[in-house]
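An overview of the molecular structure
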Amino acid sequence: MAIHDEELEALLHPAAPDDLPELERLGIFTGTVIDWEPEFAEFAAKLRGLAGAPEPYVDDEGAEWQVVAHVVDDAARRAAWVEWRWKEGRVVDTHYRLKARDDRSLVVRWEVATYNPYFGCRVKHLGWVGDAVVMVYEDKHDTYAAAAGRGLPIRRSLISPDWALDGATLAWRDADGRTHRIALPLGLDPL
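Attention here is on the structure that accompanies the text. All figures in this text were calculated on a predicted structure; none of them were measured in a lab.

Definitions and cut-offs
Residues numbered from 1 in each chain as written. Predicted model: local features only at pLDDT ≥ 70, side-chain atom pairs only at ≥ 80, totals over all residues. Heavy atoms only, no water. Phe/Tyr/Trp six-rings, centres within 6.5 Å; stacked < 30°, edge-to-face > 60°. Lys NZ or Arg CZ within 6 Å of the ring centre and 35° of its normal. Helix = DSSP H or I, 4+ residues; strand = E, 2+ residues; numbered from the N terminus. Buried < 20%, exposed > 50% of the residue type's maximum accessible area, 1.4 Å probe, protein only. Contact = heavy atoms within 4.5 Å. Pairing = 2+ DSSP bridges. Axes fitted to C-alpha atoms, helices over the stretch in contact; angles between N-to-C directions. Patch = residues over 30% accessible without salt bridge, like charges linked within 9 Å, V, L, I, M, F, W, Y side chains within 5 Å. Areas by Shrake-Rupley, 256 points an atom, 1.4 Å probe, with all protein chains shown as cover. Salt bridge = Lys/Arg side-chain N within 4 Å of Asp/Glu carboxyl O. Polar contact = N/O pair within 3.5 Å; in protein donor to acceptor, adjacent residues only side chain to side chain.

1. Digging into the packing of aromatic side chains
Enumeration over the complete set of coordinates arrives at 9 aromatic pairs. Sitting above the plane of the Phe43 ring, Arg101 keeps its charged end 5.4 Å from the centroid. Between the NZ or CZ atom of Arg156 and the centre of the ring of Tyr144, over which it lies, the distance is 4.0 Å.

2. Section: the environment of Ala145
Position of Ala145 among the secondary structure elements: in strand E8 (residues 143-149). For Ala145, a relative accessible area of 1% puts it in the buried group. Between the alpha carbons of Ala145 and Leu188 there is a distance of 7.5 Å; along the sequence they are 43 residues apart. Excluding residues within four positions of it along the chain, Ala145 makes contact with Met135, Val136, Arg155, Arg156, Ser157, Ile159, Leu170 and Leu188.

3. Looking at the sheet that holds strand E5 (residues 106-111)
One open sheet holds the 5 strands; their spatial order is E1-E2-E3-E4-E5, and the pairing between them is antiparallel. With partners counted over all chains shown, the strands left at the sheet margins are strand E1 (57-58) and E5, one partner each. Pairing between strand E4 (residues 93-101) and E5: 5 bridges, direction antiparallel. For Lys99, the partnering residue across the bridge sits in E5 and is Arg109. With respect to the sheet, helix H3 (residues 40-51) is in contact with strand E2 (64-73), strand E3 (78-87) and E4, its orientation differing from that of E2 by roughly 125°.

4. With respect to the environment of Arg97
Inspection of the secondary structure assignment puts Arg97 in strand E4. C-alpha of Arg97 to C-alpha of Val67: the two residues are 30 residues apart in sequence and 9.6 Å apart in space. Excluding anything up to four places from it in sequence, Arg97 contacts Gly31, Trp65, Trp81, Val82, Glu83, Arg109, Trp110, Glu111 and Val112.

5. Quick notes on a nonpolar patch on the surface
On the surface, Val92, Tyr115, Tyr118 and Phe119 cluster together to form a nonpolar patch covering roughly 410 Å² of accessible area. Summarising the element assignment, Tyr115 is placed in the loop between E5 and strand E6 (122-129). In this structure Tyr115 comes out as exposed when scored by relative accessible area, which is 51%.

6. Here's the deal with the side chain of Asp102
Within the secondary structure, Asp102 is located in the loop between E4 and E5. Asp102 sits in the buried class, given a relative accessible area of 15%. Polar contacts involving the side chain of Asp102 include one to the main-chain amide nitrogen of Arg104, which spans 2.8 Å. A polar contact is formed between the side chain of Asp102 and the backbone nitrogen of Ser105, at a distance of 2.9 Å.

Here's what the structure looks like:
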């Protein structure tokens with residue numbers, strides 16, 4: 001039995017169910033890995049609105065969500081953002097996720113590696129270098145640079161709080177005063 005083009009398309013790119021909540025369909029504030037491939041303009045408008053929201057979004061389970069950093073490149077039809085999820089219960093369940101999408105699909109979904117997410121993740125830079133999204137962030141004790149993109153697994157390196165970014169070059173000064181320079185994104189250590 002041959003699969004027709006329409007059947008193959010439906011298997012490869014399933015339509016979102018009609019009752020799917022908007023944020024899940026758009027891939028924002030969800031832990032799911034399913035990508036419903038929303039229209040970029042609709043997605044970008046919602047992301048911008050959530051990033052500027054004065055209060056966290058509260059989901060059906062009582063978890064609070066916020067966009068703590070974002071960048072939208074309308075010309076290249078791509079965006080990256082860091083979501084923060086916080087839910088108090090017997091223990092505090094908190095996560096930071098870096099996500100990025102282009103006009104075709106979700107290209108990055110990474111739980112940000114931190115000392116302990118309870119102590120926070122402060123994004124100092126989020127942007128694009130070529131086809132990779134680059135993030136510089138601090139946790140309780142350290143500063144890191146991370147990068148990922150379509151076909152580029154997550155890469156991350158420990159840097160210092162004394163850093164600078166110039167195009168695709170990241171430089172930082174270590175505790176001994178030595179300056180280090182790497183080319184992004186491939187100069188970072190693979191995870």
